[in-house]
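Each chain, letter by letter, is given below.
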Amino acid sequence: MGSGRLGSPLGRLLAVAGHDVFFSDADPARAAAAASAAASAADGQARGGEPGQAARFGEVVVLAVGWEEFPAVVAELDGMLAGKIVVDPSNPIGERDGAAVVVAVPGGLTSPQYQQHVLGDVRLVRTFNTKYPNELLELGIAGQRGGARADMPYWGDDDEAKKAVVPLIEDAGFTAIDGGGLSEAL
Ligand SMILES: NC(=O)c1ccc[n+]([C@@H]2O[C@H](COP(=O)([O-])OP(=O)(O)OC[C@H]3O[C@@H](n4cnc5c(N)ncnc54)[C@H](OP(=O)(O)O)[C@@H]3O)[C@@H](O)[C@H]2O)c1
């Protein structure tokens with residue numbers, strides 16, 4: 001969900017690793033472009049479509065939309081993410097008049113604790129939030145090609161969900177580092 005600066009290269013790394021990736025976006029053309037770039041890098045297939053289709057399709061759903069867009073995603077998908085493993089790479093940064101601004105997370109929570117609260121009944125794992133997109137792609141490709149692997153921390157309160165996400169981190173070319181629960185997350 002979200003085929004922008006982060007979602008597109010992340011999906012591409014996963015497609016190259018052989019995962020069945022379905023891109024979606026508020027802008028269908030952006031999802032189609034990300035799917036086409038991933039398919040050509042992977043020398044295979046990647047699909048693009050509506051957010052609802054992505055939510056139905058994904059065993060693991062990556063919410064690569066802006067931090068402040070999570071409530072809109074919840075409203076749009078109307079319960080479709082319930083019980084799903086959701087990857088949260090979002091950093092509390094908003095946009096005001098075209099400029100990026102840091103957003104204070106309410107309630108003394110960490111960012112993913114707050115997003116868990118917004119999303120409700122999902123099995124949230126926080127990861128892929130610590131690298132810029134170009135870095136993510138370069139380091140991921142290097143790791144996938146057998147070079148040195150960069151560390152990728154992950155956090156969550158659901159152990160089974162964390163176990164399901166670790167192979168995705170590793171297949172994307174990184175060494176998965178368990179950072180603990182959502183209360184400890186960066
Ligand atoms: N870029 C980075 O350096 C970086 C690094 C680490 C983590 N992150 C995190 O990754 C997330 C995505 O960042 P980004 O830089 O990739 O942002 P981006 O380039 O703006 O991409 C986000 C995409 O999500 C789409 N979108 C917005 N609301 C949506 C919805 N309800 N359903 C489906 N698609 C929706 C946007 O479409 P519209 O533009 O049409 O709204 C846009 O194409 C953010 O939470 C950010 O904090 C980013």
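Analysis parameters
- Residues numbered from 1 in each chain as written.
- Predicted model: local features only at pLDDT ≥ 70, side-chain atom pairs only at ≥ 80, totals over all residues.
- Heavy atoms only, no water.
- Salt bridge = Lys/Arg side-chain N within 4 Å of Asp/Glu carboxyl O.
- Buried < 20%, exposed > 50% of the residue type's maximum accessible area, 1.4 Å probe, protein only.
- Helix = DSSP H or I, 4+ residues; strand = E, 2+ residues; numbered from the N terminus.
- Pairing = 2+ DSSP bridges.
- Near = heavy atom within 4 Å.
- Polar contact = N/O pair within 3.5 Å; in protein donor to acceptor, adjacent residues only side chain to side chain.
- Areas by Shrake-Rupley, 256 points an atom, 1.4 Å probe, with all protein chains shown as cover.
- Nonpolar A, V, L, I, M, F, W, Y, C, P; charged D, E, K, R; others polar.
- UniProt positions renumbered as here; feature names shortened; annotations may be inferred.

- In the annotation of an unreviewed UniProt entry, the chain is listed under the name Pyrroline-5-carboxylate reductase catalytic N-terminal domain-containing protein and assigned to [Actinomadura] parvosata subsp. kistnae.

### Brief notes about the pattern of salt bridges
- Going through the model one piece at a time under the given rule, you end up with eight salt bridges.
- R30 is paired through a salt bridge with D25; the nearest N and O atoms lie 3.7 Å apart.
- A relative accessible area of 10% means that D25 is categorised as buried.
- For K163, the salt bridge identified is with E160, shortest N-O distance 3.4 Å.

### What to know about the pairing of strand β4 (residues 85-88)
- Alternating residues of β4 divide into I85 and V87 and V86 and D88, and every residue in both groups is buried.
- With three bridges connecting them, strand β3 (residues 60-62) and β4 associate as parallel partners. Considered in β4, the bridge of V61 is made with V86.
- By the bridge criterion, four bridges tie β4 to strand β7 (residues 123-127) in an arrangement that is parallel. By the bridge assignment, I85 is partnered in β7 with R123.

### Quick notes on the site of the ligand
- Around the ligand lies a shell of 22 residues, among which L6, D25, R30, V65 and N91 are the nearest.
- Within the backbone of W67, an N or O atom sits 3.5 Å from an oxygen atom of the ligand.
- Coverage of the ligand by the protein chains reaches 79% of its 890 Å² of free accessible surface.
- In terms of residue class, the shell around the ligand is built from ten nonpolar, six polar and six charged.

### Section: the UniProt feature "domain: Pyrroline-5-carboxylate reductase catalytic N-terminal" (unreviewed entry) in the chain
- UniProt feature "domain: Pyrroline-5-carboxylate reductase catalytic N-terminal" (unreviewed entry): in the numbering of this structure it lies at residues 2-92.
- Split by type, residues 2-92 is 44% helix and 14% strand. Its first and last C-alpha atoms lie 16 Å apart.

### Notes on the pairing of strand β5 (residues 93-96)
- Judged from the four bridges that link them, β5 and strand β6 (residues 99-102) form a sheet pairing that is antiparallel. From the neighbouring strand, I93 faces β6, where its bridge partner is V102.
- Taken together, β5 and the strand that follows it, β6, pair antiparallel across an intervening segment of two residues, in which D97 is found at a positive phi of about 55 degrees.

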